Amino acid sequence: MKLLKYIFISICGICLLLLLSCSSDHAADNNSTLASKTLNIESKIISPDIAQSSSEPENHSDNNLENKSENNSINESSTDPSDKQQETTKHELPEQHEEDVVQTEIDLRKLADYKYIAITFDDGPIPGNEEKLLELFSQYKGHATFFYNGFKIERCPEILNKVLEQGSELGNHTYNHCNLNTVNAEQTMAEVEDLNDLIENITGTVPVFVRPPFGEYNQLTLDTLPYPLVMWSQDTRDWETLDVDCIRDKILDVSPGSIILCHSPINETILAVEQALPILYEQGYRFVTLSNLFEIYEVEPKAHQVFWHLSTPFTD
Ligand SMILES: [Zn+2]
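Here the structure is a predicted model, which is why all the values come from computation and not from measurement. Along each chain, residues carry numbers from 1 onward, in the same order as the chain's sequence is written. The model is predicted, so local features are restricted to residues of pLDDT at least 70 and side-chain atom pairs to those at 80 or more, both for listing and for counting; the totals for chains, interfaces and linings are taken over all residues.

(A) Here's a closer look at the overall build of the protein. Strands are runs of DSSP state E lasting at least two residues, helices are runs of H or I lasting at least four, and both sets are numbered from the N terminus onward. Along its length, the protein carries 12 helices and 8 strands. Between the buried cut of 20 or more and the exposed cut of 12 or fewer other C-beta atoms within 10 Å of a residue's own C-beta lies the partly exposed class, and all C-beta atoms are placed from the backbone. Expressed as a percentage of its 316 residues, the buried residues of the protein come to 32%. Long-range contacts, defined here as pairs at least 24 residues apart, represent 74% of the contacts in the protein between residues at least 6 apart. Each residue is represented by a C-beta atom placed from its backbone, and any two residues with such atoms within 7 Å are regarded as in contact.

(B) Local environment of helix α6 (residues 158–166). For α6, the full list of buried residues reads Ile159, Leu160 and Val163. Down the axis of α6, the sector holding all buried residues measures 110 degrees, keeping them to one side. α6 presents Glu158 and Glu165 as exposed residues on the side facing more than 90 degrees away from its buried surface. Buried residues in α6 make contact with α4 (129–139), β2 (145–148), α5 (150–153), β3 (169–172) and α7 (185–203). Trailing α6 by a residue or two, Gly167 shows a phi angle of about 100 degrees, which is positive. Directions are taken from the helix axis to each C-beta atom, and the arc is the one they span.

(C) Looking closely at the environment of Leu277. By secondary structure assignment, the location of Leu277 is in helix α11 (residues 267–282). C-alpha separation for the pair Leu277 and Leu252, spaced 25 residues apart in sequence, amounts to 8.6 Å. Once residues within four sequence positions are removed from consideration, Leu277 is found in contact with Leu136 and Tyr140.

(D) Layout of the pairing of strand β1 (residues 115–124). Counting buried positions along β1 yields 8 of 10 residues, so the element is predominantly enclosed. Where β1 lies against strand β7 (residues 285–287), 3 bridges are found, and the strand directions are parallel. Counted as the bridge partner of Ile117 is Phe287 from β7. Strand pairing is defined by DSSP finding a minimum of two bridges between the two strands. As paired elements, β1 and strand β6 (residues 259–263) share 5 bridges and run parallel to each other. Its bridge partner being in β6, Phe121 is matched across the sheet by Cys262. Inspection of the sheet shows β1 paired to β2 by 4 bridges, in the parallel sense. Bridging from a neighbouring strand, Asp122 pairs with Phe147 of β2. Orient the strands so they point away from the viewer; a crossover is then right-handed if the path from the first strand over the helix to the second runs clockwise. What joins β1 to β2 is α4, and the crossover it makes is right-handed.

(E) Region of interest: the packing of α4 against α11. Helix axes are fitted to C-alpha atoms over the stretch in contact, other axes to C-alpha atoms as well, and angles between N-to-C directions run from 0 to 180 degrees. Taken N-terminus to C-terminus, the directions of α4 and α11 make an angle of 0 degrees; their axes are 10 Å apart at the nearest point. The angle between the axes of α4 and α11 places the two elements in the roughly parallel class. Contacts between α4 and α11 involve Asn129, Lys132, Leu133 and Leu136 on the former and, on the latter, Ile270, Val273, Glu274 and Leu277. When residues are sorted by character, Ala, Val, Leu, Ile, Met, Phe, Trp, Tyr, Cys and Pro go into the nonpolar class, Asp, Glu, Lys and Arg into the charged class, and all the rest, Gly among them, into the polar class. For the contact of α4 with α11, the per-class residue count stands at 5 nonpolar, 1 polar and 2 charged. Here roughly perpendicular refers to angles of 65 to 115 degrees, roughly parallel to angles under 35, roughly antiparallel to angles over 145, and oblique to all remaining angles.

(F) Representation of the environment of Pro157 within the structure. Along the chain, Pro157 turns up in the loop between α5 and α6. For the pair Pro157 and Pro127, spaced 30 residues apart in the sequence, the C-alpha separation amounts to 9.8 Å.

(G) A look at the nonpolar core. Core membership is restricted to buried Ala, Val, Leu, Ile, Met, Phe, Trp, Tyr and Cys residues, and these are joined into a nonpolar core through C-beta atoms within 7 Å. Formed by 55 residues in total, the largest nonpolar core has its most connected members in Ile117, Ile260, Val273 and Leu293. Ranked by the residues each element gives to this core, the list is headed by α11, at 7 residues. Residues contacting Ile260, with those up to four places away along its chain left out, are Ile117, Ile119, Thr120, Trp232, Gln234, Thr236, Ile251 and Val254.

If you want it as structure tokens, here you go:
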């Protein structure tokens, strides 16, 4: 009997051990299921941000550029999922920074990463052309500066607020596209101030910069006008060539801090800008207003002075 009792107790003991081992396996399975669920949730939390950032620009080629850079990084990264997550987190930061730089505030540290230029358009506004340019700059998260004439604004005043709403800048190109080299101080003031009054009545803001028509000015102009005169470092000569390829190549032939002269009434210029922006964007150029360019390069736009080009304060 003692032997039977011993065998029975032994069998019970083995059964108990088997049961315990099964339940601990289940617990481990449950833990791994929980872990993978957590990972899925985390990746779901991260995913909408990626989706949002990559779908943010309205332009498809812009999307392609950003997607391309994301894909490259993913290819370069290791196969460890945790590394991938870190990679994803890293990628969100430049996107947010870029947004800050272009849309809200100027981050001077980003000069090391991007090359800033100001593309300017004289002799508008021309209905249709201005809207198309604003759309193009929006696609590349950029802005431009528009030097308008008063007599043209009278025909389509509504464009001014569209320019400002897009984040671009208005400049003063005199009321009547006047050659300031040929007029006296009183006429010079009237040409500029009458236009500033018109722009202020429509938008509530006054332009910071004056660009003299034909690039013509003299010492009297400088002494008379209490504004900075802004010229250009790259003249596209678009009015002369009327050739899309030539204009595009001139726009592409720039360096950081360049101020580019274009004319918005010229249809070929609009097409050239459409071709140039994606190329420059891919080269690391970003398109800012003149005011932002001065701010980025820490140059004070002083009145009675002429500005042609803003050079970089950093030498690296
Ligand atoms: Zn002009």
